Amino acid sequence: MLGVMSQWLTLSRAAHLLGISRVALQKRIRDGELPSFDGMVTVDDVQRAWPQLDLDESGSFEKTRAIREDAFARRLRERVLPTQEALAQRLFAQGQELAELQRTLTRYHTLLEALRARLDAAPPPVAADLAQLLDEGLARALSAPAPGEDVVALDAMLRVMSAHVTVKPSGREFFVEGSETLLKAALRAGLSPNYGCGNGVCGLCKARVVAGETRSVAPSDYRFSEAEKAQDHVLMCACTALSSDLVLEVLEAGAPEDIPEQRIVAKLRRIDTLSADVMRLHLQTPRSNRLRFLAGQRVTLGIRAGVGDGSDVHGEFSVASCPCDDRNLIFHVSRHDRRAASADFSACLFDGRIRIADDVSVWGPWGSFVLENTSPRPLVFIAVEDGFAPINSLIEHAIAVDAAESITLYWASAQPGGQYLPNQCRAWAEALDEFSYRALGVDELPAVLAANTALAQSDVYLAGAAPSIDAIATALLAAGMPPARLHVEAW
Ligand code: FES
């Protein structure tokens, strides 16, 4: 029944709609405070579980209001609104649903009128009682707004504005905003689909459309075989969602070994001094040759710095940014990098021999310090000094995936105030209910960790220079931390 069906929401859609994190919904379900059936919740139950929920304050409501207010702004039209064709298609689908709903209501109405006529003709007193019950019930149903009506209306609006995509076989979900490509939307949501050029040439981002329709939004030179055409294959980097619900069969990377080794020449766009000992590099890859990597991985950077015999200078660094932005790569380079392989590169940077607009070769990715995407356990990140670089990437990815029950970040430094991006960490803690951040001295860290009794139930990610990191890892294991839940990146 469509009237009843429209009250059910998937967890992702409920979270998207109400501005609640999926983790918060899952926790209420686990605690028995929010009924769910087959991965779905009802609008009424969500409103009962969050009686204080104010739709005016939900992100989705804000977004729709912004869309309404600025509907004709060119930038918004391009970036937030779907194409006219997608809008027409989704409105048509909603029109069909409404027509079906209307037909169903008409049938009920006819049935009710027939029932009322029978009751009028039937002998009292039972018939009179039933007639009164029916009249009162109908009066109640028609006078008061149904609980969750606002949410249902907002859901209908959002189904037009953003498409919901389910990925097979993983079952993961993401939303496509405006006319963005399926690939961009999937990366933004923390998925790791197979892809290469990002430019419609290599064909590696092929996906099979299982249900729904897509539309091409970028040029593509790749030629599908007849078999692929017959099986409804599309390029994720060149298509967006046309229908409001789409099901795609996608090849996803599940582990670092699924990501191919790549060599790219990127441009150094910006250098920021984060502290006396740490600089931030912002590299940008060519549009048609982006770096595919998993959050937390490292790459080798190389430059022609004219050092000694003029040969290349290399260094191995963790990517500090999220794979969701595969063109803009961020690195934190420390003056005191202990890795022999990275010291020359670091010295060149601090000596001013690496300059904006230089070509930098990027080779990789390397390493297996990556997030277990499917784990719902709390996440604890421990960074020591510039170990924050891979942790930053992992946290951005974890926030995008929205699967963990909570996120805790400890950032330790030997120098008071040595946490070189404190505002960013505080912003996470302020913006996310389930995020906590603590800056502390390296000496304080062992006692603080020993006092955290929840560590053994968490997935712990630990990164930084080897002496401190090895000591912390040893202490955690000795305290009973299961080795499989402890992930270490030490240099
Ligand atoms: S990533 Fe190469 S065609 Fe889409």
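Residues numbered from 1 in each chain as written. Predicted model: local features only at pLDDT ≥ 70, side-chain atom pairs only at ≥ 80, totals over all residues.

## Thoughts on the sheet that holds strand β19 (residues 459-464)
Part 1 of the argument: Pairing is parallel across the open sheet formed by five strands, whose spatial order is β18-β17-β16-β19-β20. Two strands close off the open sheet at either side, each with one partner strand: β18 (435-441) and β20 (486-490). Sheet twist, expressed as the average angle between the axes of neighbouring strands with direction ignored, equals 10 degrees.
Part 2 of the argument: The pairing of β19 with β20 spans five bridges and is classified as parallel. In the sheet register, Y461 faces β20, and the bridge partner there is H487.
Part 3 of the argument: Taken strand by strand, helix α16 (residues 466-478) contacts β16 (379-384), β19 and β20, and its axis lies near 165 degrees from that of β20. (Pairing = 2+ DSSP bridges. Helix = DSSP H or I, 4+ residues; strand = E, 2+ residues; numbered from the N terminus. Axes fitted to C-alpha atoms, helices over the stretch in contact; angles between N-to-C directions. Contact = placed C-beta atoms within 7 Å.)

## Considerations on the pairing of strand β3 (residues 162-168)
Part 1 of the argument: With five of seven residues buried, β3 is to be regarded as a mostly interior element.
Part 2 of the argument: Between β3 and strand β4 (residues 173-177), which pair antiparallel and follow one another directly, the connecting turn spans four residues, one of which, G171, has a positive phi of 80 degrees.
Part 3 of the argument: Note that β3 and strand β9 (residues 245-250) share five bridges and pair parallel. Residue pairing across strands places H164 opposite D245, the latter belonging to β9. (Buried ≥ 20, exposed ≤ 12 C-beta atoms within 10 Å, placed from the backbone.)

## Regarding the packing of helix α7 (residues 84-121) against helix α8 (residues 126-143)
A pair of packed helices is captured by two measures, namely the crossing angle of their axes and the spacing between those axes.
Part 1 of the argument: Running from N to C, α7 and α8 point in directions that differ by 150 degrees, and their axes come no closer than 8 Å. The angle between α7 and α8 places the two elements in the roughly antiparallel class. Crossing geometry of α7 relative to α8 is assigned as left-handed. From α7, R116, L119 and D120 reach across to α8, where they touch A127, L130, A131 and L134. (Parallel < 35°, antiparallel > 145°, perpendicular 65-115°, else oblique. Left-handed = near helix turned anticlockwise from the far one by under 90°.)

## Overview of the sheet that holds β4
Part 1 of the argument: Strand order across the open sheet formed by five strands is β4-β3-β9-β5-β7, with mixed pairing between neighbours. The open sheet terminates on both sides in strands that have one partner only, identified here as β4 and β7 (233-235). In this sheet, adjacent strand axes meet at a mean angle of 40 degrees when their direction is disregarded.
Part 2 of the argument: Sheet topology places β3 next to β4; five bridges connect them, and they run antiparallel. Across the sheet, residue V165 finds its bridge partner in β4, namely F174.

## Considering α16
Part 1 of the argument: In this model α16 runs 18 Å from its N-terminal to its C-terminal C-alpha over 13 residues, within 8% of the 18 Å that 1.5 Å per residue would give.
Part 2 of the argument: Buried within α16 are the following residues: S468, I469, I472, A473 and L476. For α16, the buried positions fall inside an angular range of 130 degrees around the axis, keeping them on one side. Exposed side of α16, more than 90 degrees from the buried face: P467, T474, L477 and A478 are the residues found there.
Part 3 of the argument: For α16, the elements touching its buried residues are β16, α15 (445-451), β19 and β20.
Part 4 of the argument: Immediately downstream of α16, the backbone of G480 shows phi near 105 degrees, a positive value. (Expected span 1.5 Å × (residues − 1). Arc of directions from axis to C-beta.)

## Let's talk about unusual backbone geometry
Negative phi is the rule for most residues except glycine; trans is the rule for most peptide bonds.
Part 1 of the argument: Cis geometry is found at the peptide bond from K168 to P169, where omega equals 5 degrees.
Part 2 of the argument: That bond from G364 to P365 is cis: its omega, 5 degrees, falls within 30 degrees of zero.
Part 3 of the argument: Among the structural elements, P365 can be located in strand β15 (residues 359-366).
Part 4 of the argument: Phi angles above zero are rare outside glycine, and D232 is one such case at about 60 degrees.
Part 5 of the argument: For D232, the location among the structural elements is in the loop between α11 (226-230) and β7.
Part 6 of the argument: By the C-beta count within 10 Å, which is 16 here, D232 ends up partly exposed.
Part 7 of the argument: Residues other than glycine seldom take positive phi values, yet E385 does so here, at roughly 55 degrees.
Part 8 of the argument: Along the chain, E385 turns up in the loop between β16 and α13 (388-401).
Part 9 of the argument: We classify E385 as buried; it has 25 C-beta atoms within 10 Å.

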